[in-house]
Amino acid sequence: MTTEPLVQVRDLAKHFVLEGQRIDVLRGVDVDIVAGERVSIIGPSGSGKSTFLHVVGTLDRPSSGSVQIQGRELSKMSSRALASFRNETIGFVFQFHHLLPEFSALENVGMPAKIRRVSPAEVDSRALAMLDRVGLRHRLHHRPGELSGGEQQRVSIARALVMEPALLLADEPTGNLDERSAEGIHELLDQMNKELGLTVVLVTHRSELAQRMPRQLRMEAGRLVEAKEAEASLS
Ligand code: ADP
Ligand code: MG
């Protein structure tokens with residue numbers, strides 16, 4: 001039996017032009033990620049980790065090469081089709097949570113469902129179920145400013161997962177948290193991977209966090225290379 005990869009990237013290149021100068025960031029990335037995998041990506045600051053996540057996450061377009069998710073070639077999709085594909089298939093978590101300050105945790109988490117015109121009752125029930133999963137049943141009506149950093153990041157994870165995406169892309173999600181809160185977030189991601197079969201791609205500059213993942217990739221000279229897989233079992 002062959003498993004079609006959830007994400008298939010071939011010879012992906014991405015450059016930016018800034019003040020007339022071309023910066024080649026991704027220079028031929030090849031990678032397959034299968035459903036249910038947990039993958040970390042490490043690499044120095046400026047090496048292109050975020051750029052890679054943005055392109056795979058359909059927030060940015062490749063300069064050349066191919067990105068397929070669930071067998072669909074992203075470059076062949078219109079911006080409009082991409083937006084709805086993203087909403088249904090991909091969840092994002094960033095270093096800074098980007099929660100809306102004037103809205104409660106419940107409203108923030110429900111937002112992607114609301115945008116998809118899910119009925120109001122279902123928006124609430126989905127948001128509630130997801131906040132329950134991330135351990136925030138008791139914080140439904142708090143606004144972001146009334147929550148700790150770790151709790152805010154849990155809310156943003158719940159928001160990322162409310163449409164039950166197949167793929168979660170996390171860009172330094174614990175970069176802004178103390179060690180204990182960070183640990184809780186990593187445990188939560190592991191738990192969501194197990195319970196929901198969620199595929200997790202995590203960018204982090206902290207190698208001890210990267211090594212928790214069964215598979216580790218490193219961004220090197222614009223390409224992704226497999227880092228040592230054995231280290232995961234030592235920690
Ligand atoms: P990382 O996440 O590994 O720190 P990034 O992917 O954010 O790296 O950035 C890689 C390189 O691409 C950096 O040199 C950055 O300045 C450049 N870059 C990223 N986004 C843009 C952009 N929108 N316009 C111009 N340059 C960019
Ligand atoms: Mg980055």
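Above this text is the structure in question.
Residues numbered from 1 in each chain as written. Chains lettered and ligands numbered in written order. Predicted model: local features only at pLDDT ≥ 70, side-chain atom pairs only at ≥ 80, totals over all residues. Heavy atoms only, no water.

Caption draft 1: Local environment of the site of ligand 1. Contacts to ligand 1 come from Phe16, Leu18, Val25, Pro44, Ser45, Gly46, Ser47, Gly48, Lys49, Ser50 and Thr51. Backbone polar atom of Ser47 to an oxygen atom of ligand 1: 3.2 Å apart, as the coordinates give it. In the environment of ligand 1, an oxygen atom lies 2.8 Å from a nitrogen or oxygen atom belonging to the side chain of Ser50. If ligand 1 stood free it would expose 560 Å²; the protein chains cover 62% of that surface. Looking at the shell around ligand 1, the elements with two or more residues in it are strand S1 (7-18) and helix H1 (49-56). (Near = heavy atom within 4 Å. Polar contact = N/O pair within 3.5 Å; in protein donor to acceptor, adjacent residues only side chain to side chain. Areas by Shrake-Rupley, 256 points an atom, 1.4 Å probe, with all protein chains shown as cover. Helix = DSSP H or I, 4+ residues; strand = E, 2+ residues; numbered from the N terminus.)

Caption draft 2: Representation of the nonpolar core. The biggest cluster of nonpolar side chains holds 33 residues, and the ones touching the most others in it are Val109, Leu131, Val134, Val155, Ile157, Leu161 and Leu168. In terms of residue count, the dominant contributor to this core is helix H5 (residues 149-161) (five residues). (Core = buried A, V, L, I, M, F, W, Y, C linked by side-chain atoms within 4.5 Å. Buried < 20%, exposed > 50% of the residue type's maximum accessible area, 1.4 Å probe, protein only.)

Caption draft 3: A look at the sheet that holds strand S7 (residues 167-171). Strand order in the open sheet made by the six strands is S6-S7-S8-S3-S9-S10, with mixed pairing throughout. Among the strands making up the open sheet, the edge pair consists of strand S6 (90-93) and strand S10 (223-226). Averaged over neighbouring strand pairs, the angle between their axes works out to 20° when direction is ignored. In the sheet, S6 pairs with S7 via four bridges, with the strands oriented parallel. What sits directly across from Ile90, in S7, is Leu167. This element, helix H2 (residues 79-89), spans S6 and S7 of the sheet and lies at about 75° to S6. Lying on the sheet, helix H6 (residues 179-196) is in contact with strand S3 (38-42), S7 and strand S8 (199-203); it crosses S8 at an angle near 155°. (Pairing = 2+ DSSP bridges. Axes fitted to C-alpha atoms, helices over the stretch in contact; angles between N-to-C directions. Contact = heavy atoms within 4.5 Å.)

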